[in-house]
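Residues per chain, in single letters:
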Amino acid sequence: MQLHFLADQSFECRDCSRCCRNWQIHVDEVSRDKIRGSALELRILQQTGISPLEDMEDGTCRTVRREGSCIFLDEHELCRIHAEIDRKSKPIGCRQYPFMIRPTPDGVMIGVSFYCPSVQRNSGRPLSDYAGELEELIREYGYRSVGFEPIAAGLGLAVDWPAYRLIEQRLTRWLAESAPDAALARAIDTLGRAMLVHQSRSDRVLGEDVLGVLFDRPPTHRLEEDEVLGTLREFFLAAMVGTIEAPHPEMARPITEALLEGREVDLTRSGWRGTLPGLYVFLHGPESGSASELEQGILRYLRALLFRKFLTMDRPLIDNLAALSLIPSVLRFYHFVDGLKRPQASHDEHLHMAYDHAELHMLTHVSGVNPLFAGFASAYLDQLSLLPE
Ligand code: SF4
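Residues numbered from 1 in each chain as written. Predicted model: local features only at pLDDT ≥ 70, side-chain atom pairs only at ≥ 80, totals over all residues. Heavy atoms only, no water.

**Some points on the overall build of the chain**
What counts, and what does not: Secondary structure follows DSSP: runs of H or I at least 4 residues long count as helices, runs of E at least 2 residues long count as strands, and numbering of each begins at the N terminus. Computation of the radius of gyration draws on C-alpha atoms, with the globule rule given as 2.2 Å multiplied by the number of residues to the power 0.38. Think of it in three bands: residues with accessible area under 20% of the maximum for their type are buried, residues over 50% are exposed, and the middle band is partly exposed, with areas taken using a 1.4 Å probe on protein chains only. Here, residues are in contact when the closest pair of their heavy atoms is within 4.5 Å. Working definition of accessibility: Shrake-Rupley area with a 1.4 Å probe, residue cover restricted to the visible protein chains. Counting rule applied: Lys, Arg positive; Asp, Glu negative; His and chain ends not counted. Lys charges are placed at NZ, Arg charges at CZ, Asp charges at CG and Glu charges at CD.
Secondary structure summary: the chain contains 16 helices and 14 strands in total. On C-alpha atoms alone, the chain measures out to a radius of gyration of 22 Å, which is about the 21 Å that the 2.2 N^0.38 rule sets for 389 residues. Summarising its shape, the C-alpha atoms of the chain cover approximately 70 × 50 × 40 Å along the three principal directions. Looking at the chain as a whole, 52% of its 389 residues qualify as buried. Restricting the contact set of the chain to residue pairs at least 6 apart, pairs at least 24 apart contribute 72%. On the chain, roughly 18000 Å² of surface is accessible, and the fraction owed to carbon and sulfur atoms is 50%. Looking at the chain, you have 42 positive and 56 negative side-chain charges, and the mean spots of the two groups are 3 Å apart.

Okay, here's the thing in structure tokens:
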């Protein structure tokens, strides 16, 4: 089995237990069978009156959270499944965290979650040091692979693996050559045009031959001059922040409207209230991707997302490209807001807070934001279809 590790990335667990908070963890069947009926489960039930495993309506099982943390944490914030049953009885998600494992036709990609503080700081040992443990996990658990079947792109079309790889390679190259927003705009524009041109063809799978022609053409326009994309990005950035910050779904709209109109906003989740500059400040980074530490941090995160095959995840490719193209603005936004809220904190601390928001609220708790990504992609395709070829 050939493992590929995200380059220039280190990690060493500090037992901070951060990964045991803020979400309910999926419990795979092997782990469920070992925990169910154990003395540990019984004791937690007796002590708290709560069954620590929750069966969901879709047949899956999750750990229960108590005061924001996993119910299996002890008073020292250590895992009681690990201590009292054994390491291998922990849910697979806990055993692998912060690694993200994705088998592909090119080998198994080993990426990482940027919610882990050690990953954010890039501290510890190189990822390749964990090869032995990861190989054990991969042998034990059937990780969902990508690329062995065509990847859904949207509009009823799909791309095969060589075509997907071409998109990822071109985007990676453009990210190195230009500002992230321009590179992402070029990618979504090029894929969108290819999909519109080919949507009526009988063969629904686009190959490298078809996409290569379009992806190797010079860019058709400059992002700065693309008012359609600029307006859409501004609206969807506001909607994204509204969705992330809203304590209840119905609160998302008032926050979104206040942001778009430049009125005072109450960002509940971030704990900040005030008036912000226009959203355009967050839409474009400097001309060159290497112009500031923040832009470097954005670039690092985008590359890590591409490496962990974010573009193939759960949604059509065009929706994932739309999501990815919002990430630089969201990171700039939260970096800025955290600067207002914690003026004494360092640049890195603001950036890490921005990573937290992206990982947790855009990429993990996705039910609220999924329609936004789909809406952004669909609105952009609609606008593109009105333009001359
Ligand atoms: S968040 Fe990272 S450092 Fe903290 S316990 Fe989890 S894996 Fe370890």
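**Some thoughts on the site of the ligand**
Quick reminder of the rule: Distances are taken per atom, and a residue is near a molecule or strand as soon as one of its heavy atoms is within 4 Å of it. Three classes are used, and their members are as follows: Ala, Val, Leu, Ile, Met, Phe, Trp, Tyr, Cys and Pro are nonpolar, Asp, Glu, Lys and Arg are charged, and the others, Gly among them, are polar.
Taken together, the residues surrounding the ligand are F11, C13, R14, D15, C16, S17, R18, C19, Y97, C116 and P117. Here the shell around the ligand is built from residues that sort into 7 nonpolar, 1 polar and 3 charged.

**Some thoughts on the pattern of salt bridges**
Counted only if it meets this: Every case where a carboxyl oxygen of Asp or Glu lies within 4 Å of a side-chain nitrogen of Lys or Arg is listed as a salt bridge.
Inspection of every chain in the model, using the stated rule, returns 28 salt bridges. For E140, the salt bridge is made with R95, and the minimal N-O distance between the two is 2.8 Å. A residue pair is termed long-range when its members are at least 10 positions apart, and E140 in helix α6 (residues 131–140) and R95 in helix α4 (residues 92–96) qualify at 45 residues. For R95, a relative accessible area of 16% puts it in the buried group. What emerges from the salt-bridge pattern is a single network uniting R87, K88, R95, E136 and E140.

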